[in-house]
Amino acid sequence: MDLLNLNPENASTLLSWLTFLPLIGMCVVLMLPASNLRAIKIATGLFTFIPLVLATQMYFGTFDKTVSGYQMVQHFEWIKVLGINYSVGVDGLSMPLLWLTTILFFVAVPASETVPRLSKSYFVLLLLLELGVLGVFVSLDFFLFYVYWEVMLLPMYFLIGIWGGPQREYAAIKFFLYTLAGSVLMLIAVIALRLDTGTFSIPELVAIGKAGGFTGPALLGMSFTTWVFWFLFIAFAIKIPAFPFHTWLPDAHVQAPTPISVILAGILLKLGGYGLLRGCFPIVPDAFHHFAYVLGVLGVIAIVYGAYVALGQTDFKKMVAYSSVSHMGFVLLGMAALTEWGMNGAALQMFTHGISSAACFLVVGVVYDRAHHRDLNAFGGLAQPMPRYWALATIAFFASLGLPGMAGFVSEALTMVGAFQSQVGWTDEAIASGWMWGPFQWLTLIATIGIVMTAAYILWALQRVFLGTLNEKYQDFKDISAREVFSLAPLLILCIVLGIFPWFVLDWMEVSVADLMQILTFAG
Amino acid sequence: MFALQDLHLQGLSLLSPELTLVTTALVVLMMDLIWKERDSWRLGAIGLVGLGAAALQLVSAHGTQGTAFGLVSIDNFGGFFKLFTSAATGVCIVFVMLDRRERRHRIGEYYFLLLSAAIGIFFMVGTYNLLLLVLGLELASLASYSLAGFHKGEKRSAEAAMKYVVFGGLSAGVMVFGISLLYAVTGTLDMRVMSGALAIDPVGEGVARSLAVALEQSPGMVALAMILILGGFSFKISSAPFHFWAPDVYEGSPTPVTTFLAVASKAGGFGALMRFFGVLFVAPDVGEMVAAYRNEIGMVLALVAAATMTLGNLAALRQTSLKRMLAYSSVAHAGYVLVGVAAMNQAGMEASLFYLAAYYFMNLGAFGFLLYFSGVTGRETLESLRGMGPKAPMITVPMVIFLVSLTGIPPMVGFTGKLQLLYAAMGPAEGLQLGWLAVCLGLNSVISLYYYMRVVRVLFLEDSDEPRPEPQVPMAVFLCLMAFLTVWFGLFFTPLLDLARSGMDLLT
Amino acid sequence: MNVPTEHLLILSAILFAIGMGGFLLRRNMIVVLMSIELMLNAANLAFLAGARQHAALAGHWVAEGPVMVTFVIAVAAVEAAVGLALVIAFYRRKQTVSLDRLSPTGAASKAN
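Counting from 1, residues in each chain are numbered in the order their sequence is written. For naming, the first written chain is A and the first written ligand is 1, with later ones following in the order written. Whole-chain, interface and lining totals are the exception, using all residues; otherwise, since this is a predicted model, local features are given only for residues with pLDDT of at least 70 and side-chain atom pairs are given and counted only at 80 or more.

Colleague: Give me the lowdown on the overall build of chain C, citing residues and values where you can.
Modeller: Helix numbers and strand numbers start at the N terminus; a helix is a DSSP run of H or I with at least 4 residues, a strand a run of E with at least 2. When helices and strands are tallied, chain C shows three helices and zero strands. Each helix and strand of chain C, ordered N terminal to C terminal, gives the series α-α-α. Exposure is read from a count of other C-beta atoms within 10 Å of each residue's own; the residue is exposed at 12 or fewer, buried at 20 or more and partly exposed in between. C-beta atoms are placed from the backbone. Burial statistics for chain C: of 112 residues in total, 37% are counted as buried. Relative to all contacts within chain C whose residues are 6 or more apart in sequence, the contacts with residues 24 or more apart total 53%. Here, residues touch in the contact sense if the C-beta positions derived from the backbone fall within 7 Å of one another.

Structure follows, in structure tokens:
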């Protein structure tokens, strides 16, 4: 129990309030008449704003970034017979993502204005989705974690399936099937862990894993921890999405309405990375060690392959979607490197990509709302009628590209340095001979190709959309509206601020990442 | 031989739920002859009162152990299934009362037959004696045959009844032959004598041998008997290889009857099956010989479970009729429940009971939805539901919850049920490795998602110009209640766990 | 009285197999119902064979087996009654008692 840091002054119901505020909002929205869409929007805005205020207060106030372990813990028995607890808390890994979640959901409400066929149920589902996401980030009990994880599925299915593009039904069911397949693997792994150790508690599982306390049987020549590792890894990798489980993502992104794309890219993908850091690597660190290079390879494949495919896209949104695959590859590469820099980079990359990709999708949404298509080759010269939009779009895409001074740069640089320092796969003889070179050094080199390609497709896309001769059809496009700026501005400000002062997130994560690294390297 | 003093009142008082039901059934039959009404809600009300009284007696008798007349055993395990049956039959009666298609018929016999089938199930799940088990099973089956063909003017209904009686007869023949072989080798019809739990033959001073002895003397006969008996049960629970009748019969029968067959009758089959295999193989004092045999039975059951769920789900993928899809889905769910039985331990049996309880809420809800829409549109195709989602949210939103629960996604009760089953399949086993079955169960959940979500897609993701369906308040209330319970027990399932656990007095 | 129990059991197995064969091969519903009766009677024979052997071992008859047989006979009669009633209902609609006129098992119905 002391693993949860359960002393009285640490206990708090704040996280439960934060998680269930969207649920209260949902009930309020349900009671409003369906005809009064304005009131519904205001209520949804309010009930995404209150969590944002609360999370901001926690981020800068309540949360003590110098303390290791979980904070604001709440813990009580839920299903006593099965040893299932309601146990929530945050540490430096979840706190920034929690904050990001509340920001993005708040931003998504004004961005929903242009969604066709908008209705009450849209906002109900949006709030339900927020409940699920916040819940995953605060859960410290695997059962609770799993429940929240699955709570997200249904709202997402409807949000894509009802309010999406022409092929929304296909995209929605593909998303659902992929994620459920992963969830089933996770569930099996969780039950195996529970049967082996008698607990669902993540901190306890981490402690047992650290002590090498798993006694489960080997099956088909693979040890128990290896099975658990792969089952959990695939479950989370589908969500990231890591190569080769990424194929649901372009469909889901292209078909989803703009605000849902924003949430999908900004937060839902981070759940995969967060899940790996919270519920996979620290529980089975030895298996993680053993397969770190595989993860690194998968990460680099995602980086290069995602960028390569993005280069070939003519659909603006699909390009951004593949850029997400590419950028999330850095997360995997940074984690797999098993260095402090890499791990910090990966954790920061989750945050920065959450902001920059969300901003990119908003930018795409702005032009789509006016032109009703997203064909990159059909635009041109949009900088003339829409100069302010051009400026904002450039910031968003440069942040995504990783231009120095922008958010993406710091995290990608950290990741690359971390990966280059990695000693994974170094043989003793190689170290003795002073040949400081191993698989990760190669991988880092290959990853730079991805970075170059990223610059290429982003600059090329900006050029095709904003520069060149103006298409006659588009000359009376209105410039970006106040509402659109209102959605974009917080994200762009964060992009720049984090580019200059990355420690606004790094400092928060530092202690927890150090703890995590200690667990991971200790096992090696 | 029975002594006359065995027939005293104590035995009768133990049988009070059964007697209540018998009385109710007879009263319904008589009042039907006296009132001569079409679409009589009064008869339904009598049936409901009788079932309610029986359920109350069952609840108050919870924890009582006893044997009436040496044949009917009163225990929590049987109580669970009897309670389940009365609750499910009650819902079926409500469905008959709400079924718009039944307005034309004299439906007194309908209630009578439903109650008779329930009585059959009561005896089937409440006895250790194979004779009474067969009689109960036959009573339930015979009533069900007639129910399936209740709309005798309708082609589908007549065909359904015909198929049902033919395959039902076959399974009865197979099962009784299996029992006769078992009798030939053990010399008793009492499961507890076979298992060695009862040393003295309660019926007489025969030469009964326990199963362990029989296994030693003629293992082939025992194996054959077990397979034949399993075949008989397999029909009742619609598991592979005797599942193929189910979709046709379920589709052809009137929807309330389909509901009865898919929920009450199936659960009754499971009750008898679990008692049979539980007492013979799982109970703690079965002895070494039988324990060695247990793993083989478990493996057979596991294969049956895997085949059932996979066949059911794959077939459900192709269906265009909601009713037929739900029929295949209920076949698949029989496979899920069997996972718990296949684990051949207490945790597994508990999980199966839990899953059946979960199945009650979500499946009754789904069938209620079907009944409502087939009443409104006169059709049972998925197509006829197009765009109905937003037009009748009080009916369709609960349906989404049922479908999600049937898929096994939290926070619904179907998920906690699957959790228990996975838990049982992956749990500690002596020589029985069912990890593959857990993976199979998981994969099947993913397959099933596809066809369950097709219903949701048709309801919510597609548009149509069909008018708003005419509301039916009692059905909406019922569906909302079931949906609420589906979620509530998904989050706080301790009561269901306790209920399932209390049923494990079977194994002591 | 010297017929060994094994022979009786083998005979009952043969009867059961004939019943099963008839069920699987014949298309006439009445013959199919008769096959089911045959299977039940095979079971009855096995019950009596068992009962006789146990009686021989115990030195006196035990009621259980013969009682079961009486009940199975009753069950078989009721099943035949219900089955034939349904056959008649079917015959009135279709003017045939052939199982082939049932729509094939497992076919997805697109008619409704």
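Still more ground to cover, so stick around.
Colleague: Got a sec to walk through the overall build of chain A? Specific residues and values, please.
Modeller: A tally of regular secondary structure across chain A gives 20 helices and two strands. In terms of overall dimensions, chain A is globule-like: its C-alpha atoms have a radius of gyration of 22 Å, near the 24 Å expected for 524 residues. Taken along its principal axes, the extent of the C-alpha atoms in chain A is 70 × 60 × 45 Å. Throughout, radius of gyration means the C-alpha value; the globule benchmark is 2.2 Å times the number of residues raised to the power 0.38.

Colleague: Describe in detail the packing of helix α2 (residues 37-62) of chain A against helix α4 (residues 120-138) of chain A, supporting the description with residues and values.
Modeller: Residue and element names in this part refer to chain A. In this analysis an axis means a line fitted to C-alpha atoms, helices contributing only their contacting stretch, and an angle means the value between N-to-C directions, from 0 to 180 degrees. In the contact formed by α2 and α4, the axes pass within 10 Å of each other and the chain directions differ by 10 degrees. Accordingly, the angle class assigned to the pair α2 and α4 is roughly parallel. Contacts between α2 and α4 pair I40, T44, F47 and T48 from the former with K120, F123, L126, L127 and E130 from the latter. Note on terminology: angles under 35 degrees are roughly parallel, angles over 145 are roughly antiparallel, angles of 65 to 115 are roughly perpendicular, and the others are oblique.

Colleague: Run through the packing of helix α7 (residues 155-186) of chain B against helix α3 (residues 64-94) of chain C, naming residues and quoting values.
Modeller: Between two packed helices, what matters for the description is the angle formed by their axes and the separation of those axes. Interhelical geometry of α7 of chain B versus α3 of chain C gives an angle of 165 degrees and a closest axis separation of 10 Å. The pairing of α7 of chain B with α3 of chain C is recorded here as roughly antiparallel in orientation. In terms of crossing hand, the pair formed by α7 of chain B and α3 of chain C is left-handed. The segment α7 of chain B lies against α3 of chain C, with K155, A158, A161, M162, V165, G169, A172, V176 and Y183 of chain B engaging G65, V72, E79, V82, G83, L86, A89, F90 and R93 of chain C. Residues are grouped as follows: Ala, Val, Leu, Ile, Met, Phe, Trp, Tyr, Cys and Pro are nonpolar; Asp, Glu, Lys and Arg are charged; all remaining types, including Gly, are polar. Of the residues in the contact of α7 of chain B with α3 of chain C, the class split is 12 nonpolar, three polar and three charged. Handedness of each helix crossing follows the sense of rotation of the near helix against the far helix: counterclockwise by less than a right angle gives left-handed, clockwise gives right-handed.

Colleague: How would you summarise the interface of chain B and chain A if you had to cite specific residues and measurements?
Modeller: Taken together, the 23 residues of chain B in the interface contact 25 residues of chain A. Residues of the side of chain B that touches chain A, tallied by class, amount to 17 nonpolar, five polar and one charged.

Colleague: Can you explain the environment of R374 of chain A? Please cite residues and give values.
Modeller: Residue and element names in this part refer to chain A. Note on placement: R374 falls in the loop between α14 (340-371) and α15 (387-401). Along the backbone, R374 and K318 are 56 residues apart, and their C-alpha atoms lie at a distance of 9.0 Å. Sequence-distant contacts of R374, that is, excluding residues within four places in its chain, are made with D315, F316, K317, V364 and Y368.

Colleague: Describe in detail α14 of chain A, supporting the description with residues and values.
Modeller: All names here are of chain A. If you check α14, its first and last C-alpha atoms are 46 Å apart, about what 32 residues at 1.5 Å a residue would give, namely 46 Å. In terms of burial, α14 is largely enclosed, as 27 of its 32 residues are buried. Once α14 finishes, H372 follows within two positions and takes phi at roughly 60 degrees, a positive value. Here a helix's expected span is defined as the number of its residues, less one, multiplied by 1.5 Å.

Colleague: I'd like to hear about the interface of chain C and chain B, residue by residue, with values.
Modeller: Counting from both sides, the interface comprises 44 residues of chain C and, opposite them, 45 residues of chain B. Put simply, the parts of the chain that give the side of chain C that touches chain B at least two residues each are α1 (5-25), α2 (29-58) and α3 of chain C. Of the residues that constitute the side of chain C that touches chain B, the class distribution is 30 nonpolar, 10 polar and four charged.

Colleague: Describe the environment of T23 of chain B, and please don't skip the residues or the numbers.
Modeller: Residues and elements named next belong to chain B. Topologically, T23 is positioned in helix α2 (residues 16-35). Exposure remark for T23: the 14 C-beta atoms within 10 Å place this residue in the partly exposed category. For the pair T23 and G50, spaced 27 residues apart in sequence, the C-alpha to C-alpha distance is 8.2 Å.

Colleague: If you had to explain the arrangement of the chains to someone new, which residues and values would you point to?
Modeller: The highest contact count of any of the two pairs of chains in contact belongs to chains B and C. The two units chain A and chain C remain apart, with a minimum C-alpha distance of 24 Å.

Colleague: Could you give me a rundown of the confidence of the model for chain C, with the residues and numbers involved?
Modeller: Residues and elements named next belong to chain C. Confidence of the predictor in every single residue is expressed as pLDDT, which spans 0 to 100. Looking at chain C as a whole, the pLDDT averages 83, with 88% of positions reaching at least 70. Looking across chain C, the model is least confident in α3, with a mean pLDDT of 88, and most confident in α1, with 91. As scored by the predictor, the complex reaches a pTM of 0.89 and an ipTM of 0.91.

Colleague: Could you give an account of the pairing of strand β2 (residues 84-90) of chain A, with specific residues and numbers?
Modeller: Residues and elements named next belong to chain A. The buried fraction of β2 amounts to six of the seven residues, a majority that puts the element mostly inside the structure. Any two strands are treated as partners once DSSP identifies two or more bridges connecting them. One ladder, built from six bridges, connects strand β1 (residues 71-79) with β2; its direction is antiparallel. Pairing of I79 across the sheet is with I84, part of β2. Counting the residues in the hairpin turn of β1 and β2 gives four residues, including G83, whose phi is positive at 65 degrees.

Colleague: So, unusual backbone geometry: which residues are in play, and what are the values?
Modeller: P241 of chain A follows I240 of chain A through a cis peptide bond whose omega is -10 degrees. By the secondary structure assignment, P241 of chain A is in the loop between α9 (224-239) and α10 (248-255). Here the bond from P410 of chain B into P411 of chain B is cis, since omega is 5 degrees, no more than 30 degrees from zero. Tracing the backbone shows P411 of chain B in the loop between α16 (393-407) and α17 (413-426). Despite not being glycine, L338 of chain A has its phi angle at roughly 60 degrees, a positive value.

Colleague: How would you summarise the confidence of the model for chain A if you had to cite specific residues and measurements?
Modeller: For chain A, per-residue confidence averages 88 on the pLDDT scale, and 97% of positions sit at 70 or higher. Confidence scores differ between elements of chain A, with helix α17 (residues 428-432) of chain A showing the lowest mean pLDDT of 71 and α4 of chain A the highest of 93.

Colleague: Describe in detail α16 of chain B, supporting the description with residues and values.
Modeller: Residue and element names in this part refer to chain B. For α16, spanning 15 residues, the distance from its first C-alpha to its last is 21 Å, which sits close to the expected 21 Å at 1.5 Å a residue. A large share of α16 lies buried, amounting to 12 of its 15 residues. Residues I395, T396, P398, M399, V400, I401, F402, L403, V404, S405, L406 and T407 constitute the buried set of α16. Looking one or two residues beyond α16, the residue adopting positive phi is G408, at roughly 95 degrees.

Colleague: Run through the environment of N377 of chain A, naming residues and quoting values.
Modeller: If you trace the backbone, N377 of chain A turns up in the loop between α14 and α15. Beyond its immediate sequence surroundings of up to four residues, N377 of chain A is in contact with T314 and R464 of chain A.

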